[in-house]
Structures are given as structure tokens and as C-alpha cells.
Amino acid sequence: MLHATWKSLLSRKLRLLLSGLAIVLGVTFVSGAFVLTDTLGRAFDDLYALQYRSVDVQVRPAPEGGSTEDDEEIRTGVPAGLVDRVRAVPGVAAATGIVSVDGARVIGTDGKVVTTTGSSRLGSTWTGENDLVRLRAGRAPRTGDEVVLNAALLEAAGVRLGDRVGILTVQPRRTFTVVGVQEYTGGRDSLGGNLEVSFHSSVASRLMLGRDGQFSAVGVTPAAGVPTAAVQAGIRSALGAGYRVQTGAELRAAARTDAQSDLAVVNSVLLGFAAVSLLVGVVLILNTFAILVAQRTRELALLRALGGSRRQTLASVLAEALVIGVTAAAVGLGTGIGVGALLAWLFSTQGGRTVALAGIGVPLMAPVAAFGVGVLVSLVAAVVPALRAARIPVIAAMRESATPDRPLTTLNRAGIAAGTLGAALLTAGVVGDGTAWLLGAGAVTGFVGVVLLTPAMARPVAGSIGRLFAGTAAGRLGRLNAGRNPRRTANTATALMVGIALITGMNTVLASTTASLRDRIADQITADLLIAGDASLADDPPAFDPAVLQRVRALGGVSAAAGTYRGDAAVDGERAAVAVVTDVPAHARMYSMRAVAGALTDLGPNRVAVRDDTARRLSLRPGSTVRVRLAYGGTRSMTVAAVYTGGDAVGEWLLPISEVPNLAVPQLANVDLTVAGDAAVADVRRQVEALLADSPEITVTDREGYLRRQTGQYDLIATLIQILLGLAVLIAVLGVVNTLALSVLERTRELGLVRAVGLTRGQTMWMVTVEAVLIAVFGALLGVAVGTGLGAAVVRALHRSGITTFALPWPRIGLCLALGAVIGVVAAILPAARAARTDVLRAISYE
Amino acid sequence: MTTPVAVRADDVWKLYGSGEAQVTALRGVSLSLARGEFTAVMGPSGSGKSTLMHCMAGLDAVTRGEVRIGATALTGLRDRAMTRLRRDQIGFIFQQFNLLPTLSAAENIRLPLSIAGRRPDPAWWEQVIDAVGLRERLGHRPNQLSGGQQQRVACARALVPRPEVIFADEPTGNLDSRSGAEVLAFLRASVREFGQTIVMVTHDPVAAAHADRVVFLADGAIVTELRAPTAEGVLDTMKNLDRVEG
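The rules behind these values
Residues numbered from 1 in each chain as written. Chains lettered and ligands numbered in written order. Predicted model: local features only at pLDDT ≥ 70, side-chain atom pairs only at ≥ 80, totals over all residues. Heavy atoms only, no water. Helix = DSSP H or I, 4+ residues; strand = E, 2+ residues; numbered from the N terminus. Buried < 20%, exposed > 50% of the residue type's maximum accessible area, 1.4 Å probe, protein only. Contact = heavy atoms within 4.5 Å. Areas by Shrake-Rupley, 256 points an atom, 1.4 Å probe, with all protein chains shown as cover. Lys, Arg positive; Asp, Glu negative; His and termini not counted. Charge placed at Lys NZ, Arg CZ, Asp CG, Glu CD. Salt bridge = Lys/Arg side-chain N within 4 Å of Asp/Glu carboxyl O. Phe/Tyr/Trp six-rings, centres within 6.5 Å; stacked < 30°, edge-to-face > 60°. Lys NZ or Arg CZ within 6 Å of the ring centre and 35° of its normal. Buried area = accessible area lost by both parts, 1.4 Å probe. Polar contact = N/O pair within 3.5 Å; in protein donor to acceptor, adjacent residues only side chain to side chain. Pairing = 2+ DSSP bridges. Axes fitted to C-alpha atoms, helices over the stretch in contact; angles between N-to-C directions. Domains from an automatic or database assignment. Nonpolar A, V, L, I, M, F, W, Y, C, P; charged D, E, K, R; others polar.

Engineer: When you look at the overall build of chain A in this model, what are you seeing that I'm missing?
Structural biologist: When helices and strands are tallied, chain A shows 23 helices and 24 strands. Taken along its principal axes, the extent of the C-alpha atoms in chain A is 100 × 70 × 50 Å. Counting every position in chain A, which comprises 847 residues, the buried fraction comes to 52%. Of the contacts formed within chain A by residues at least 6 apart in sequence, a portion of 82% connects residues at least 24 apart. Carbon and sulfur atoms provide 60% of the accessible area of chain A, an area that totals close to 35600 Å². Here chain A carries 77 positive and 62 negative side-chain charges, and the mean point of each set is 12 Å from the other.

Set out below in C-alpha cells:
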């Protein structure tokens, strides 16, 4: 029996390959994810080992609330005096104050700021050559106007030794002379893609930390023979709380943990796509096996008649599935290792990065997961067809035709039950307060319901769409064929539906987000022009010279202008984003912000305002006191002067103007302005643009441009996700090809008949194409419907996060349906050609 | 000859394969079928009767010689022209699998016209439907019809476009004797009443006896023919053929 299985597998290589392809893709994602994270993880390990090799002990400001998470840290410095205190600790041979902070943005020769993808742009103090840093060319900076750039930055900026170069820091743009080029151990241009500017020690603190006499850390060298741990303990007890004292090994471990958690995100994204394509794979394999079992009914019944047992029939189908699963897993593992290695290599080489790959790693988890997933998925998919094969009665061997499709009653009942339950849960979730688990459970149950009901919908829906093609005989025949095997049509369409549903769901959420934002901007923002930096995902939003505000105010045609500073703070030990607004009444007018308790005009030294939801959460009212710590100035007690509503541009906390010097970045993040009635916005905008010549990262936009900038940041991610989901759709196309090919094969006699009575080759191809288009458009319609439902559920769940308007992405929905039609046409090419080539004589001869 | 010729085969040869494995299925067959005549082609298995029909119907290409349907020579016709010729001038009735399961009886009958984008002439349609006696069954699907009814639907389908000739390949081969008799009676009637030309390949002497003329094939060549045959006469001729063969 196993021999017979093997024979039948070999005779349908291509077909099985097609259905196994989705598993190959899924396994590729799975193993690729493991290979990528392992390879990069080890590359980062090596990098950090290098970076912290020469660090014995380092002292930095302590994070708020005793947390060890780097994210919780407020960017601040340690006072210069700390160096002496550390040096005085017994066992310390040397203590050096260093500045090394992200945010030194060099303006390249093209006038644009040099950017990185995820790596830091460090601004540091030049502390001389050491184990790690070496001068490749030139000399050390001798004055505050001289800098050393690392080799990667020199190349990225397109500058040469001796050139003058503009650099943006927390201070406005300043011009420096490049006097040296630095490299790292082993002649590296960069450490892990970081760009680095080394300033003279006299200016580094002011430029990178906002004020003089600060260091971002103190590096400690223990005296000969004193263990690192002893020095660490000594410094800790000498300095008390408020500082973090870490050894090089601890820093390395912390950096490694950070990198691991970033890689874990990449890992889960890839595994998510793996799950999608594996789901599609299950549907495709199930369909292929169902069709093959139906077509082989007589053959399987004959085997039973010759003495094969039910168990053997079951085993033979499952064995086929197992072979597919193992083969697909093996292929997927191979491509996964390739893809993982390729991605790691791209990552290590792009943008002048010099993360040296320490060889491609294939962790044990990769093959284990690949084969586990491949085998499991194919077996699960084959169980239903296998059981059906085992139930074929022996008498079927004597019957003329294949058994007709079983009635859909049970399936329909289950589908209606699941669909109703899902709809009820969704309604409860939507009508209620948008409880996430209700919506989630509703979405999943509803999805299952739709999947179970697809066979029942196949005939009526495909039939209705098919009316478009009912003008010709070939079109009518194609339409009838599409509704002929509802299960087959439904399964094929379901595979397509998965990808399109996810794409539509995402687009629905994006469209709703945009619409909500647009509504809010229309309702609340009356500013005519908004000056701000382009927020990218990697960096803090860039800031600019406060002098710009004065110059903007002085422009003719500007009726009001308000600037906003931003910073991080700890309020009652909790990390919070704070803002300072230069002209609160003007800002409040432009952003429809108003006090619900107290008065916004009542802000002053140590008197702050808080947004209503935060006030409710922390039980604050005017007169309450909170403990606030900013980058500088220590922890102080402040009084709540007002509680406000609206004012999205401010955030949770509004601080008085007197706090600007205590912020890590004493520069403006935004300026918003209104134009006087008789001035043209475009004119004013041109004049403002001229003022921003020194800040290439900052742009001025009108409200529409602001909206685009706010939504634009999702575009790249959305495109990326859609490309990956597109792969799932692509695989589903193979499913359509597969189904059609099997159907064409099954209908050889019919094709011969219609060819004999006068259907031309062209008409035959059209007939198959119509069938394919109907199946694919049916799938696309289902996908759009399910995706819209999913999107609506997510939008409802996000209601509290400010997505209050539900909007449908009509153009993209239209695109999905058109895509369905195109998929149909493309998928039909090979089966249609095959159908057209049907040899009439062989098809009709009865032997 | 005053009667116009519907189908004509001139020195038709059909060879399969090449070299040692070459098989000669037809060796120089010449045959003229008069319009409005019911011809049966008989012969033992392997005599080439099916091949001859396929060649005359344009389903298979001849190796040598010429076939004409009406005024059209089939030799050298491209697929599109051949398909159109089949659609407009030839009707087919096969032994089995004659109907599309997705179409109703009426739709099946209309299929060739509908492929051509034409509508049947209403009066002619009514006449044919009455003749096959399926008026009550027009809305049924093939799987709701008996074998005989299905074959009568196939007959109507062949007849409705008024082709130059109808080729019937063992039309009664899969039917019980009563259903077979109904189908043969219908074919006979369409020749008599509508002047339809019909060629029927069969191995059943009783079926062949319904024809105006029986042509006997053996080993790829015409050996003899009978006019106004009877079942006994056909049977005798067949026995003689077998004896010659043996």
C-alpha cells in the first residue's frame, strides 16, 4: 500500500509541489527568522564585546524609580564635580568624564542631514586615542571649532579633512572644521553603523547635554590589583543612590539584552507572516487532497475491494501528506537559511554598517521548528480528506461517476452558529465600551463562521458576479462551472481571502486613523502653518533654534505664533512627556485647548497644568502637588494650576516657561502660527521657509501637509506589511491554478464535447478564464468583507486611543477586487491553454 | 447522379505511427453520401469504421486523400475554420457523455447555436422538440433524465442547427433495446421528414437495418454495401465478412 502511495505521489509531482509551496514559504519565514536573529545576535555580541572591552566601571545618572530599563532613563548628565568624587574613592586609579550622546546631526555636502537606520549619531568628547578609538588621519581637536568624524560619517556626509561642516546638536546649527578622522579597533569605519562626531572637551557638554560642566558618564580605571567588583562597590557606597555604577560586563549584558529584544520583535513579525502563509497552506493542501480523493474515488474503492482496510486508506493519504510536509519543510529550511543569511548580510553591509557577521548561525530551533511546523501543518490539512477517503464504500468501485458533493447542511448549520455568535460578540463589543477580548473573540468566531459558510455562498455569489459574463455561451459555461463544486470553489477562494482580508483590515485601520486625524485637525486646529521636524521612527523629533520664533513673530502677515518645547520628566516617579508653550493663550486658541478646572493663565514658576484624563487617573485637581524631575534642576514639588482638555500638541503635562533651561533639549520642537486676515498663507510660508535655512530637518506645512506628515509615518510600514501579505496572496494564486488544473483534467470529456460541437480554442480559454476570475473575485470579495469586519473591530478597540472615525479605504478595496480579477486571469493562463489543447478525438472516444 | 452530395471521401488513407509500428487504418476509401440519405457504416472491431467517421467529420486529419462536407474541402483547414465548420455544418451524437451536466436539456439542445451567438428558428425548434418528445423535460438536467431521454436530447441538439450532416457514433450502444428503438425511429424520421443527412457507425445489425444504405468496412477498405437493408441481410453479410476475415 505504501508502494502504491509512493507511485501516486510521483505521478502528481507538480500538483503536490504547488500545494506544498505555501508550506515552503511559511517554513522559510520560520527558519529564516531563527537564522537571522541568531546570526545578528552573535554579531552584536561580538560588537559589544569589542565596545566594552576597555570599560572597567562606568558611572551614569540613575534611572527614575530604580528601573534598570534604558528606556526609562531621562537624558541628563552628571555634574563635572562627580569626577573628583569618584577619583577619591579608594582603589580608583583614574576617572574620566566623557560625553557620548545620540543626536549629533551632520549636514552633508548635499545640504541634507545625514541619517541612519536605527543606529546612533553620537556626539562625544574627544578623550584621546585608546584601546577602542584611533585617529586614522589628521589630528585631535584643539579648539571648540574643531571636530573629528568617524570614517563612516566622513564618507556618508561627503566631506574631506579640512572641510567646514554644519552640525546640529541640542544647540542651533554651528559650523566646525574637520581636523581628524577616527576609526575603531581593527580598522573599522564604524561600530555597528553608528556615526560619531568627537568634539573638543570645552564644547561637548553644552552641545550634547544642553549646558556646560556636564558629562554623560564617568569612566573609571581601577588601581592595579584591585578587583573591579570592589571598586564598583566602593563607588556605590561613596555616591549613594542617584547614580548607576556598572561594570563593563554589566553594560555589555544590558546592551545585549536590548539587542535581543529588538531582534525578538523582528522574529515575531516574521513568525506572524509565517503563520499567515501556513494558514493559506493548510487550506490549499486540504483542497488539493479533497479534489484528488474525489477524483480517485474508484481507484481507492478498488483498493478496498481488493482487501485494503479503511486504516490503510487513511494511512496512504496521510503518508502522502507527510511526504509533502517533510519535503516542503526541507526546501523551506534551505531557503530560510538562505533568506536569513541574506537579510543578515544586507543588514551588516547597508549604510556603511560594520557589524561583522561571525558566520551564519543555524540554531537547533530552525530545523526543529521547520520540520515540526511542516509536518504538523500538512497532516492537519490532510486529516479531513483522509477520513473522507477512508469512508468511501467499496461499491463506489462499480459506480460510473464520482460521488456527488455531499450536502452542505451540517457545514451551514455550524457556519450560521459560529457566524451568529461572532456577530453577537462583535456587536456586544462595538455597542459596549470596545472591550478588546470581546472584539477579538468576535472577530475570530466570525471568521470561522464565514469560512464555514463559504461553500454555501459560492454558488449564489459566483453566479451573481457571473452575470457580467453571461453575454456569451463560453462565459455562461464558465459561470456554471464556477458554481459546480461549491466546496472546491470555496476552499480555493478562502486561501485567497486570508491575505486580502488582512490587507483590507490593515487598510481599514489606516484609513480610519487618517480620517480621525483629519476630523480632529479640522475640528481643533486653527493654526495656518505648522513648523516641525519630520518625525522618523529612529530618532527623537529634531528641534530648532528658539531665535526662529522671534523672527517668525516679526514677519508681516503673522498674527500670532506660539512655540513648543518638549522634554522628558519623571512626575511622582513615573516617566512622562512634558511640554512648555511660549504663548499659552495663542496655542490654546490654535489647538482648541481649554481649562476645565483652574486657569491656563495661572501657570508660573512651579505651577503646572495637566490634561484631564491624566488628572483623573492620578486624582489631581487644582491645588494638588506633584514631584517633578526634569533633566536638570533636581526633583521639585510643583502645584497643579489647571486641568485642561484638548490640546493634542501639548500632551499630558504643560510646564511653565521658566522650566525651559531644565530640559535636555532647550530648543523648539514646534512653532505654530496664524496668518493675519489680509495676508496670503503661501507668502508667509515662503518667508518662514527662508528663516529655516539652518535647520534642514525642519519643514513648514499647512494643515493638510501636517496631516500627511502625521499619516506618512505609517506608509512605509504599511507598504512593507502589504508586500509580505502579498506573498500569501501570491501563494493563493497557485491554489487557483491548482484547482483549475485539476478541474480541467476532470472535465476532459466535457471539453472534448464542447469542442466537437463548435467551441473554438479561444472560447474554451475564455470559459476557463471566466471560471477562474469568478473564483478569484469571490475570494477577493470575501477578503474585503472579512477584512472590513476585522478592521471595524480593531478600530472600535482603538476608540480610546483616539481613532474615533470609521472610514473605509474605498480605493484600496477597489484595488483588491481588481487584483482578484487579475489573479483570476493570470491563474487561468496555464489551465486554459491546457483546456484549449484538449484532443477532441481522445476526449470523446470511449475506450 | 442527380442527388447532391453531402459528404464525399476520395481515396482516403489514414496511417498511424511510423516505421515498423506503422498501422494502416484506412486504405484508399472512397465514399459519397447523398443529401437526405441515412447511411450506416458497419464492420468488425478494428475495421476502421470509427476512423472513417472521425476523418469525414473533421475530428481527425487524413494522411492522404480528400474529404468534402458540402462544398468545403477539409484538408488544410485551420483549427478555427474546422471548429466553425463543425459548429455550423456538422451535428454529433456520441455513444455516451453527450450532454453537459451543468446545462438543462433545453440549454444543451441550444448549445451549438448559443456558441455561435444565434437563436434557433422558433417554428423549427417547436417541430424538433415535438419530434423528440421532450417538451415536458426541457427544464431538467441530464442527471434527471433516463439514458434514452439523454440520447434524444443529443439528437435534438444535432438536428436544431440544420447541419449538412449528422454523424452518430454507436448512438444506441449504451441503451436498452426500447430506448434504442426510439432513438433510431427519431433518426429515421428526421431523414424522411426533414431531409437530414445522417451517417451512423454501428455494430448492431438491427440498428443498421434502419438506414437507407449500409456500407461494410473490413481491414480499412470498403468491401461491400447493401441498399434498403434488413436486419437478416446485414447479419448475413457480417457473417460472411467474419468468415473472409477468419
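Resuming the write-up.
Engineer: Honestly, the pattern of salt bridges in this entry has me stumped. Any pointers?
Structural biologist: As a working rule, side chains carrying opposite charge can pair if their charged atoms are close by. Inspection of every chain in the model, using the stated rule, returns 41 salt bridges over all chains. In this structure, B:Asp79 engages A:Arg755 in a salt bridge whose closest nitrogen and oxygen atoms are separated by 3.0 Å. Of this pair, B:Asp79 sits in helix α2 (residues 79-89) while A:Arg755 sits in helix α20 (residues 748-756), each in a different chain. Judged by relative accessible area, which is 26%, B:Asp79 ranks as partly exposed. Residue A:Arg755 is classed as buried on the basis of its relative accessible area of 1%. One salt bridge connects B:Glu37 with B:Arg213, and the closest N-O pair in it is separated by 3.7 Å. You can see B:Glu37 sitting in the loop between β2 (23-34) and β3 (38-42) and its partner B:Arg213 sitting in strand β9 (residues 213-218), a full 176 residues away along the chain.

Engineer: Sorry if this is basic, but what is going on with the packing of aromatic side chains here?
Structural biologist: Each aromatic ring pair is specified by the distance between its two centres and by the angle formed by the two planes. Residues and elements named next belong to chain B. For the structure on display, the rule yields seven aromatic pairs over all chains. Every member of this aromatic cluster is reached through a ring pair, and the members are Phe92, Phe94 and Phe167. Taking NZ or CZ as reference, Arg64 lies 4.7 Å from the ring centre of Trp13, over its face. Positioned above the aromatic ring of Trp124, the side-chain terminus of Arg162 is 4.2 Å from the ring centre.

Engineer: How should I be thinking about the interface of chain A and chain B in this particular structure?
Structural biologist: Accessible area lost upon the coming together of the parts serves often as the stated size of an interface. Residue-level contacts link 22 residues of chain A with 23 residues of chain B. Summed over both partners, the interface of chain A with chain B buries about 2200 Å², with 68% contributed by carbon and sulfur atoms. Summed over the shared surface of chain A and chain B, the result is two salt bridges. Linking chain A to chain B there are six residue pairs in polar contact (both at pLDDT 80 or more). Contributing elements (two or more residues each) for the side of chain A that touches chain B: α13 (473-482), α20, α21 (761-797) and α23 (840-844) of chain A. At six residues, the largest contribution of residues to the side of chain A that touches chain B is made by α20(A).

Engineer: Before we go on, may I ask you to explain the sheet that holds strand β7 (residues 165-169) of chain B in this structure?
Structural biologist: Pairing between the strands of a sheet is mediated by backbone hydrogen bonds and can be parallel or antiparallel. Residue and element names in this part refer to chain B. Taken in spatial order, the six strands of this open sheet run β6-β7-β8-β3-β9-β10, and their pairing is mixed. Unpaired on one side and paired on the other, β6 (90-93) and β10 (221-227) mark the two borders of the sheet. Neighbouring strand axes in the sheet, compared pairwise and without regard to direction, differ in orientation by 20 degrees on average. As defined by bridge partners, β3 adjoins β9 across four bridges and the pair is classed as parallel. Directly across from Thr39, in β9, lies its bridge partner Arg213.

Engineer: Honestly, the sheet that holds strand β1 (residues 5-16) of chain B in this entry has me stumped. Any pointers?
Structural biologist: Residues and elements named next belong to chain B. The sheet built from four strands is open, its strands ordered β2-β1-β4-β5 with antiparallel pairing. The open sheet is flanked by β2 and β5 (72-73), the only strands paired with a single partner. The pairing of β1 with strand β4 (residues 64-69) spans five bridges and is antiparallel. For Asp10, the partnering residue across the bridge sits in β4 and is Glu66. Strand contacts of helix α1 (residues 49-56): β1, β2 and β4, with the helix running at about 60 degrees to β2, the strand carrying the most contacts.

Engineer: Explanation requested: the side chain of A:Glu771 in the structure shown.
Structural biologist: All names here are of chain A. Inspection of the secondary structure puts Glu771 in helix α21. Owing to a relative accessible area of 6%, Glu771 belongs among the buried residues under this scheme. If near-sequence neighbours (up to four positions away) are discounted, Glu771 is found in contact with Gly478, Asn481, Ala482, Leu740, Ser743 and Arg747.

Engineer: Would you explain the side chain of A:Thr805 in this entry?
Structural biologist: Residues and elements named next belong to chain A. On the secondary structure map, Thr805 appears in the loop between α21 and α22 (810-836). A polar atom in the side chain of Thr805 sits 2.8 Å from the side chain of Asp519. Once residues lying within four places of it in the same chain are set aside, the contact partners of Thr805 are Ser512, Ala515, Ser516, Asp519 and Val795.

Engineer: Explain helix α3 (residues 105-115) of chain B to me, please; I cannot follow it from the model alone.
Structural biologist: An α-helical turn contains 3.6 residues, so a residue and the one three or four places further along point in the same direction. α3(B) sits mainly inside the fold: nine of its eleven residues count as buried. Every buried residue of α3(B) is listed here: B:Ala105, B:Ala106, B:Asn108, B:Ile109, B:Leu111, B:Pro112, B:Leu113, B:Ser114 and B:Ile115. Summarising the contacts, the buried residues of α3(B) are in contact with α13, α20 and α21 of chain A together with α2, α4 (122-132) and α5 (147-159) of chain B. Positive backbone phi, approximately 75 degrees, marks B:Gly117, located one or two places after α3(B).

Engineer: Honestly, the domain arrangement of chain A in this entry has me stumped. Any pointers?
Structural biologist: All names here are of chain A. What the domain assignment lists for chain A is domain 1 (53-258), domain 2 (455-526 + 704-847) and domain 3 (529-701). For domain 1 and domain 3, the distance between their C-alpha centres works out to 30 Å. Carbon and sulfur atoms make up 46% of the area that domain 1 and domain 3 hide from each other, which totals about 2000 Å². Counting across the domain 1 and domain 3 interface gives two salt bridges. Between Asp694 and Arg173 there is a salt bridge, and its shortest N-O distance comes to 3.9 Å. Remark: the boundary between domain 1 and domain 3 carries seven residue pairs in polar contact (both at pLDDT 80 or more). In terms of residue class, the side of domain 1 that touches domain 3 is made up of eight nonpolar, eight polar and nine charged.

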